[in-house]
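Analysis of the macromolecular model
Residues per chain are reported as follows:
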2 protein chains.
Amino acid sequence: MKKTMVIAGLGLIGGSLAMALRGFEGYEIVGVDIDPATLAFAAAHGAGDRVTGGAAQAVKEASIVFLCLHPAGILRFLEEHRGDFSPGTLVADVCGVKTAIMDAAEALPHGIDFIGCHPMAGKETSGIQSAEAGLFQGAHFIITPRRESKPEHVALLERLAAYIGCRDVVNTTPERHDAIIAYTSQVMHILAVAVCDDPELFACKGFEGGSFRDCTRVAALDVPLWTQLFSMNTPALTKVIARLEDHLRAYREVLESGDIEGLTRKLADSSERKRRMNLE
Amino acid sequence: MKKTMVIAGLGLIGGSLAMALRGFEGYEIVGVDIDPATLAFAAAHGAGDRVTGGAAQAVKEASIVFLCLHPAGILRFLEEHRGDFSPGTLVADVCGVKTAIMDAAEALPHGIDFIGCHPMAGKETSGIQSAEAGLFQGAHFIITPRRESKPEHVALLERLAAYIGCRDVVNTTPERHDAIIAYTSQVMHILAVAVCDDPELFACKGFEGGSFRDCTRVAALDVPLWTQLFSMNTPALTKVIARLEDHLRAYREVLESGDIEGLTRKLADSSERKRRMNLE
């Protein structure tokens with residue numbers, strides 16, 4: 001019997017995954033979405049070997065199900081389809097928060113192996129129209145297995161991550177993931193939108209260089225998605241924002257004091273930290 | 001007689017300029033630096049038609065002199081060589097602050113035309129080893145002429161900017177330049193180093209994605225250069241930092257309040273600003 005992998009939710013990540021996974025270890029890749037236009041686009045652009053709107057039937061036939069919906073959509077899908085998964089199915093997700101998702105997955109029947117995943121890839125546009133098979137090239141692939149997750153499922157995800165071009169697989173806990181991601185991803189998005197709140201934004205055309213374009217690149221974000229991601233990780237996120245406010249204030253204060261030596265020391269220290277991180 | 005253009009200071013910007021300007025309107029491009037190793041590297045890599053350590057002589061023979069030193073180096077050069085410029089010479093600089101430089105240039109003898117320039121290009125490494133002819137491709141080229149600057153000198157800089165690949169020439173005042181650049185460039189660098197001050201920096205390897213790499217790219221900065229740039233623009237810079245602290249705190253507070261609708265509205269507003277800026 002043909003092995004089947006379902007990709008549920010054909011947005012930027014799900015669509016890219018369905019494209020990138022074609023040919024992986026003989027699996028038939030089945031793209032699932034509720035939107036007919038998305039399904040048509042996916043079928044026309046090779047996102048999966050076939051597509052369908054029938055999630056329940058597809059899930060029943062699958063040995064692997066990847067949930068690529070928004071966080072709230074994943075919670076809803078798990079609830080709606082908890083009875084549809086076949087025994088032994090590996091269920092995974094690609095969501096940017098892990099604790100809330102892993103908690104919800106506890107309600108799955110015994111024998112369904114749920115492993116949280118987070119490929120650290122994306123772009124500033126969303127939807128299947130932005131999907132591309134190369135999206136995951138060079139990205140970290142973070143996984144948060146349960147203690148009882150099957151080693152062969154972890155090994156399969158490692159091969160899958162390599163197949164789609166990820167540079168490595170980082171195995172961690174949901175709590176650790178959420179604490180660190182608040183810093184490396186969520187605050188970068190908060191920063192980008194906060195920079196765009198400046199009253200000078202529209203006056204600055206013609207004066208922007210690479211650093212401004214890079215920092216604000218992700219500011220035109222998917223509002224419902226990021227509202228959910230931020231809301232599901234508020235305690236960790238607000239802690240990191242508060243720390244960043246402190247570090248910015250420290251720079252402002254040393255500038256206001258006119259202490260050039262102090263400013264030099266601070267810049268030397270921060271830039272050295274950056275250089276050191278790259279070397280480790 | 002051959003027209004001569006001197007590029008004084010063969011670092012990242014000066015070296016790139018000396019490479020990019022070769023062949024421009026028949027000028028002989030002469031690279032000047034005090035460091036013999038830099039001169040040797042410049043000569044071997046086509047930074048200018050010839051190089052020399054003799055700044056005074058080179059300046060005397062030049063009809064255009066581009067000062068590509070650190071801000072304090074530019075102030076020193078103007079003082080040391082004020083008597084060396086030939087009458088009618090166009091003197092320009094490429095420095096990231098303009099008011100302090102334009103003020104110092106007031107001391108030049110009558111008949112020397114000083115026009116401030118700021119090509120909005122750079123990279124996260126410095127020195128002639130990082131120089132490349134393509135550095136200015138697509139960058140804005142900002143100029144701050146004096147009221148009495150000769151129109152033919154402004155026109156020449158416009159042709160020069162186009163020759164090295166800049167996308168446009170933005171003509172403004174030194175004060176306006178410094179106020180806007182505090183936002184579009186200087187705060188981006190303060191942000192990058194402040195993000196690297198987070199105690200989790202070294203724990204985050206394996207969890208970083210594109211947004212983190214982009215935001216911290218410029219953090220490994222040239223400490224003496226940026227100490228000078230920040231110190232020469234402190235009032236404008238601290239104002240922008242304070243505004244950014246406010247905007248970050250506003251995001252933190254709406255998150256802490258648990259007001260999901262308020263968070264959605266804020267994200268919709270900021271991301272819409274970003275989209276609007278791109279379209280204008």
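Quantities reported herein were computed from a predicted structural model and do not represent experimental measurements.

All right, on to the domain arrangement of chain A then. Residue and element names in this part refer to chain A. For chain A, the domain assignment lists domain 1 (4-172) and domain 2 (177-279). Between domain 1 and domain 2, the C-alpha centre-to-centre distance is 31 Å. Three residues, His70, Val97 and Glu124, lead the burial of domain 1 against domain 2; their summed loss comes to 40% of the area buried on that side. One can count one salt bridge joining domain 1 with domain 2. Across the pair Arg217 and Glu124 runs a salt bridge whose closest N-O atoms are separated by 2.9 Å. The interface formed by domain 1 and domain 2 holds six residue pairs in polar contact (both at pLDDT 80 or more) in total. Going through the elements one at a time, helix H4 (71-80), helix H5 (99-105) and strand S7 (140-144) are the ones with two or more residues in the side of domain 1 that touches domain 2. For the side of domain 1 that touches domain 2, the element with the most residues is H4, which contributes three residues. Grouping the constituent residues of the side of domain 1 that touches domain 2 by class yields eight nonpolar, seven polar and three charged.

Quick look at the sheet that holds strand S5 (residues 90-93) of chain A now. Residues and elements named next belong to chain A. Taken in spatial order, the eight strands make up an open sheet running S3-S2-S1-S4-S5-S6-S7-S8, and their pairing is mixed. With partners counted over all chains shown, the strands left at the sheet margins are strand S3 (50-52) and strand S8 (168-171), one partner each. Sheet twist, expressed as the mean angle between neighbouring strand axes with direction ignored, is 25 degrees. With three bridges connecting them, strand S2 (residues 28-32) and S3 associate as parallel partners. Residue pairing across strands places Gly31 opposite Val51, the latter belonging to S3.

Let's shift gears to the interface of chain B and chain A. With 82 residues of chain B at the contact, the number on the chain A side is 82 residues. Interface area, chain B with chain A, both sides summed: about 8100 Å², of which 67% is carbon and sulfur. For chain B, the biggest contributors to the area lost against chain A are B:Tyr183, B:Phe202 and B:Phe207; these three give 10% of the whole. For the interface between chain B and chain A, the tally reads eight salt bridges. Salt-bridge contacts for B:Arg252 lead to A:Glu245; the nearest nitrogen and oxygen are separated by 2.6 Å. There are 26 residue pairs in polar contact (both at pLDDT 80 or more) connecting chain B and chain A. Elements that contribute at least two residues to the side of chain B that touches chain A include exactly strand S7 (140-144), helix H7 (174-196), helix H8 (210-216), helix H9 (223-231), helix H10 (234-257) and helix H11 (260-279) of chain B. It is H10(B) that contributes the most residues to the side of chain B that touches chain A, 16 residues altogether.

The transformation that overlays chain B on chain A combines an axial shift of 0.0 Å with a rotation of 180 degrees, and the residual RMSD is 0.0 Å. Here the symmetry operator amounts to a two-fold rotation axis. Both copies contact each other with a shared surface, as 100% of the interface residues of chain B are interface residues in chain A too.

Our focus in this paragraph is the sheet that holds S7(B). Residue and element names in this part refer to chain B. Strand order in the open sheet made by the eight strands is S3-S2-S1-S4-S5-S6-S7-S8, with mixed pairing throughout. Two strands bound the open sheet, and with one partner strand each, they are strand S3 (50-52) and strand S8 (168-171). Geometrically, the sheet is characterised by an average inter-axis angle of 25 degrees between neighbouring strands, direction not taken into account. As paired strands, strand S6 (residues 113-119) and S7 are joined by four bridges and run antiparallel to one another. Its bridge partner lying in S7, His118 is registered against Ile142.

Another point: the side chain of B:Glu208. One can find B:Glu208 in the loop between H7 and H8. With near-sequence residues (within four places) excluded, B:Glu208 lies in contact with A:Met120, A:His140, A:Arg167, A:Thr184 and B:Arg213.

Even without glycine at this site, A:Glu25 takes up a positive phi of about 45 degrees. Positionally, A:Glu25 belongs in the loop between helix H1 (12-20) and S2.

To continue, consider the packing of aromatic side chains. Under the definition given, this model contains eight aromatic pairs over all chains. Here the aromatic rings of A:Phe24 and A:Tyr27 are separated by 5.9 Å at their centres, their planes lie at 10 degrees, and the arrangement is stacked. Exposure class is identical for A:Phe24 and A:Tyr27. Each is buried. Consider the rings of B:Phe24 and B:Tyr163, whose centres lie 5.2 Å apart with planes at 55 degrees: the pair is tilted. With B:Phe24 in the loop between helix H1 (12-20) and strand S2 (28-32) and B:Tyr163 in helix H6 (residues 151-163), the pair connects residues that are 139 residues apart, well separated along the chain. For B:Phe24, a relative accessible area of 2% corresponds to the buried category.

For the rest of this paragraph, the subject is the packing of helix H7 (residues 174-196) of chain A against H7(B). At a closest axis distance of 13 Å, the pairing of H7(A) and H7(B) adopts a crossing angle of 155 degrees. Taken together, the axis directions place H7(A) and H7(B) in an arrangement best described as roughly antiparallel. Considering only the axes of H7(A) and H7(B), their crossing is right-handed. Only B:Tyr183, B:Met188, B:Leu191, B:Val195 and B:Cys196 of H7(B) make contact with H7(A), whose side of the interface consists of A:Tyr183, A:Met188, A:Leu191, A:Val195 and A:Cys196. Looking at the contact of H7(A) with H7(B) residue by residue, the classes come out as ten nonpolar, no polar and no charged.

Calculation rules
Residues numbered from 1 in each chain as written. Chains lettered and ligands numbered in written order. Predicted model: local features only at pLDDT ≥ 70, side-chain atom pairs only at ≥ 80, totals over all residues. Heavy atoms only, no water. Domains from an automatic or database assignment. Buried area = accessible area lost by both parts, 1.4 Å probe. Salt bridge = Lys/Arg side-chain N within 4 Å of Asp/Glu carboxyl O. Polar contact = N/O pair within 3.5 Å; in protein donor to acceptor, adjacent residues only side chain to side chain. Helix = DSSP H or I, 4+ residues; strand = E, 2+ residues; numbered from the N terminus. Nonpolar A, V, L, I, M, F, W, Y, C, P; charged D, E, K, R; others polar. Pairing = 2+ DSSP bridges. Axes fitted to C-alpha atoms, helices over the stretch in contact; angles between N-to-C directions. Contact = heavy atoms within 4.5 Å. Least-squares fit on C-alpha atoms with pLDDT ≥ 70 in both. Phe/Tyr/Trp six-rings, centres within 6.5 Å; stacked < 30°, edge-to-face > 60°. Buried < 20%, exposed > 50% of the residue type's maximum accessible area, 1.4 Å probe, protein only. Parallel < 35°, antiparallel > 145°, perpendicular 65-115°, else oblique. Left-handed = near helix turned anticlockwise from the far one by under 90°.

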